[in-house]
Amino acid sequence: MTKKLIDYFKKFYKKKESRNLVLIERFDYIPSLVNYALLSNVLSDVHDAKIISYYPNSTNFLKLFYQKFKGIFKNKNIDYLYESFGSAGIVKPKINKNKNREIKFKNKLSVQNFKFKNILIGDLMYDEYLRSKSRITINLNDMEFKQHVSNTLNLFDFWYNYILNNPVKAMVISHSVYNMGIVSRIAIKFNIPVYYTGPNGLYYLNNKYLTRHSKNIYKIYKKIFRRIDTKLKTKLLKIAKKNLNERFYGKKDIKLLLDRETTNKSFTKKIKRKKISLKKSSPKKIKIFVAVHQLNDAVHAYGNCIFPDFYEWLNCLGEISEKENFDWILKIHPAEFKENLIYFDFFKKKYPKFKFLKSSFSNSDIIEIEKPDVVTTVFGSGGHEFPLFGIPVVNASNNGPHIGYNFNYNSKSISEYINFIKKAKTLRVQKAQVKKIYEFYVLRFMMEYTPIDNQDYYIKKYETKFMDNYVKIFLDQINEIKQNELYNEVKNFVKSKKFRIYYDKTKEKNKYLKNM
């Protein structure tokens, strides 16, 4: 299949010589290269620029990253693939590790908010440390952390000087998190257009939208939804409701099938939807369900939250548990479950009121057996699941994907969050807002750009093996007419300077929604 992909690239893309540069991140995940090739060549033509690939970070972290997901990074022909769609070279950052830098931070919040040369990088540096060192928080006095800060600043200097001294006209990235995101932050500072893409999705990042998960886009979801044609809107809402019902019946909907694969299902059986009541039932001991995140996986992916990391969030809840007469149940995130167990042993001993559920315990079991009064998370998918069962959700953030609606309680500060939790018995789902969950689902999961027609059919056909078949499906569909259509759609999007490209995927052939 690799040879066929190379042949396709060579047929439609030619290497260009120019002083100007389009930088494309070296991310060796084969399905992403279909859109990498298309987008980078569109940018090459628009800016009359040569394509150059680059490693964003030190090789140590990349090795760790690839090792973690080695099942999908196993192709030995990556160099040929990049060259076949026009990449004329590769840039590897050279870091002076003998140059020691020291920054004195007041606290953890000052780390996540840290700016260097007036560019925000603290959130990236924070997450890189947690992930690469397998930590769940930072110790400001730890020499390992201090060395990490120094290495990050040296990496920053390399990319700052490179972009300052080279005619970079555009950039394509795979991730805007961890230290991988430093080079794109610098580019944005210099007003260089940055684009995120992968197998699905195409986004233009800038000073307003630093990441594809920017709060500035989630805040205006309602406004964006109003732009959709009435007939299409009705159709999309119907599909959204069907997809979520399938999730609640124990099946995996589009969102779950595209998530990282885990051994456990979110929901395991059909459960009855409760009729939402504006009145509380008879007094009883309040039960709080804490939907715990993977503790060191891109904590700041949605921006800076009210807590600098998940450790501080759980500590806050633990302190509340010592003062309030509540029942507390916690479920460990299924991704990297075993790796997280050691940390939860710590919390179990420190806060004896915390009851940790088995990994096999599904959300269906939580709703039917545990019957929580309130669910709390930072920015998890529970925010659009539990309200449909009449269970209010409190987010420990005002930056997550659900902030554009009122079907959750979104905390603007730690004090407000604590107040929400302490007054759990007074919280209720706003009945009028529940229908908005389907609207949210449409924009969040159903309108992404993809070069594959009728993609949802293939996702359901291959389920967790969809990405293994992604390139084959694409190559079976592609022809000169479709290639020209994709090229022109992406070029139109680039010139529009809009944040995101939207597709109508309700029919067998995708339709680019140019006016969205």
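Everything here concerns the structure above.
Every chain begins its residue count from 1, and numbering advances along the sequence as written. Residue-level local features of this predicted model are given only where pLDDT is at least 70; pairs of side-chain atoms are given and counted only at 80 or more, and the full residue set underlies all totals for whole chains, interfaces and linings. Each side-chain value is derived from all of the structure's non-hydrogen atoms; neither hydrogens nor water enter the calculation.

Quick notes on the overall build of the protein
Stage number 1. A count of helical and extended segments in the protein gives 21 helices and 16 strands.
Stage number 2. Buried means the residue's accessible area, taken with a 1.4 Å probe over protein chains only, is under 20% of the maximum for its type, while exposed means over 50%, and partly exposed covers the values in between. A total of 516 residues make up the protein; the buried ones form 59% of that total.
Stage number 3. Contacts between residues were defined by any pair of non-hydrogen atoms, one from each residue, lying within 4.5 Å. The long-range share in the protein, meaning contacts at least 24 apart out of those at least 6 apart in sequence, stands at 74%.
Stage number 4. Accessible surface area values rest on a Shrake-Rupley calculation with a 1.4 Å probe, where residue burial reflects the displayed protein chains alone. Put simply, the protein shows about 23500 Å² of open surface, and 49% of that area lies on carbon and sulfur atoms. Secondary structure follows DSSP: runs of H or I at least 4 residues long count as helices, runs of E at least 2 residues long count as strands, and numbering of each begins at the N terminus.

A word on the sheet that holds strand 7 (residues 194-197)
What links the strands of a sheet is backbone hydrogen bonding, and the strands pair in either a parallel or an antiparallel sense.
Stage number 1. A pair of strands counts as paired when DSSP detects no fewer than two bridges linking them. Strand order in the open sheet formed by six strands is 3-2-1-6-7-8, and the pairing between neighbours is mixed. In this open sheet, the two edge strands, each paired with only one partner strand, are strand 3 (87-91) and strand 8 (202-205). Strand-to-strand, the axes of this sheet are offset by a mean angle of 25 degrees, without reference to chain direction.
Stage number 2. Examined bridge by bridge, strand 7 and strand 8 share four bridges and lie antiparallel to one another. Following the sheet pairing, Tyr195 is matched in strand 8 by Tyr204.
Stage number 3. Strands strand 2 (50-54), strand 6 (168-173), strand 7 and strand 8 of the sheet are contacted by helix 8 (residues 182-189), whose axis makes an angle of about 145 degrees with strand 6. Axis geometry follows a simple rule: fit a line to the C-alpha atoms, using only the stretch in contact for helices, then measure angles between N-to-C directions, giving values from 0 to 180 degrees.

Quick notes on the side chain of Arg247
Stage number 1. Within the secondary structure layout, Arg247 lies in helix 11 (residues 230-248).
Stage number 2. On the basis of relative accessible area, Arg247 is assigned to the buried category, the value being 0%.
Stage number 3. One polar contact links Arg247 to His384, side chain to side chain, over a distance of 3.1 Å. Whenever two N or O atoms come within 3.5 Å, that pair is a polar contact, provided that in protein one can donate a hydrogen and the other can accept it, and provided that, for residues adjacent in sequence, both atoms are side-chain atoms.

Focus: helix 2 (residues 30-47)
Stage number 1. Given a rise of 1.5 Å per residue, 18 residues ought to cover 26 Å, and the 26 Å separating the end C-alpha atoms of helix 2 matches this to within 8%.
Stage number 2. The largest bend in helix 2 amounts to roughly 25 degrees and is located at Tyr36.
Stage number 3. Within helix 2, 15 of the 18 residues are buried, leaving the element largely enclosed by the surrounding structure.
Stage number 4. In the segment just after helix 2, Asp48 is the residue with positive phi, at about 50 degrees. A helix is expected to span 1.5 Å multiplied by its residue count minus one. Bend, in this description, refers to the angle at a residue between axes fitted to the seven residues ending there and the seven starting there.

A word on the packing of aromatic side chains
Stage number 1. Pairing of aromatic rings covers Phe, Tyr and Trp, the last through its six-membered ring, and needs centres within 6.5 Å; plane angles under 30 degrees mean stacked, over 60 mean edge-to-face, and all others mean tilted. Scanning the model with the defined rule gives 51 aromatic pairs in all.
Stage number 2. Aromatic pair Phe116 and Phe156: ring centres 5.0 Å apart, planes at 80 degrees, arrangement edge-to-face. A residue pair is termed long-range when its members are at least 10 positions apart, and Phe116 in strand 4 (residues 115-116) and Phe156 in helix 7 (residues 143-165) qualify at 40 residues. Side by side, Phe116 and Phe156 carry an identical accessibility label, which is buried.
Stage number 3. Measuring from centroid to centroid gives 5.5 Å for Tyr405 and Phe407, while their planes differ by 20 degrees, and the two rings are stacked. For the residue pair Tyr405 and Phe407, the accessibility class agrees, reading buried in each case.
Stage number 4. Among the aromatic side chains, those forming a connected cluster through ring pairs are Tyr218, Tyr221, Tyr302, Phe310, Trp313, Phe379, Tyr405, Phe407, Phe440, Tyr441 and Phe445.
Stage number 5. Taking NZ or CZ as reference, Arg26 lies 4.7 Å from the ring centre of Tyr82, over its face.
Stage number 6. Any Lys NZ or Arg CZ found within 6 Å of a ring centre and within 35 degrees of that ring's normal is scored as a charge over the ring. Over the ring of Tyr160 we find Lys117; its NZ or CZ atom is 4.3 Å from the centre of that ring.

Some points on the nonpolar core
Stage number 1. In these notes, a set of buried Ala, Val, Leu, Ile, Met, Phe, Trp, Tyr and Cys residues joined through side-chain atoms within 4.5 Å is what counts as a nonpolar core. In this structure, Trp313, Leu314, Leu317, Trp328 and Met447 are the most contacted members of the largest nonpolar core, which totals 127 residues.
Stage number 2. A per-element tally of this core places helix 7 first, with ten residues.
Stage number 3. Apart from the residues within four sequence positions on either side, Leu317 is in contact with Val290, Trp328, Phe354, Thr376, Tyr417 and Ile421.
Stage number 4. Formed by 47 residues, the second largest nonpolar core is a distinct cluster that contains Ala37, Tyr82, Leu202 and Phe474.

Here's the deal with the side chain of Glu385
Stage number 1. Mapped onto the elements, Glu385 comes out in the loop between strand 12 (374-377) and strand 13 (393-395).
Stage number 2. A distance of 2.6 Å separates the side chain of Glu385 from the side chain of Arg247, its partner in a polar contact.
Stage number 3. Within polar-contact distance, the side chain of Glu385 engages the side chain of Asn363 at 3.4 Å.

Some points on the packing of helix 11 against helix 18 (residues 436-445)
Stage number 1. Two numbers describe how helix 11 lies on helix 18: the axes approach to 9 Å, and their chain directions differ by 95 degrees. In terms of their interaxial angle, helix 11 and helix 18 are classed as roughly perpendicular. In contact with Leu236, Leu237, Ala240, Lys241, Asn243, Leu244 and Arg247 of helix 11, helix 18 contributes Ile437, Tyr438, Glu439, Tyr441 and Val442. Should an angle lie under 35 degrees it is considered roughly parallel, over 145 roughly antiparallel, and from 65 to 115 roughly perpendicular; all remaining angles are considered oblique.

Focus: the environment of Ile403
Stage number 1. Within the element layout of this structure, Ile403 appears in the loop between strand 13 and strand 14 (409-410).
Stage number 2. Expressed as a C-alpha distance, the spacing of Ile403 and Ile220, which sit 183 residues apart in the sequence, is 9.2 Å.
Stage number 3. Excluding residues within four positions of it along the chain, Ile403 makes contact with Lys215, Tyr218, Lys219, Asn398 and Asn410.

Interpretation note: all reported values are geometric properties and have no functional meaning in isolation.
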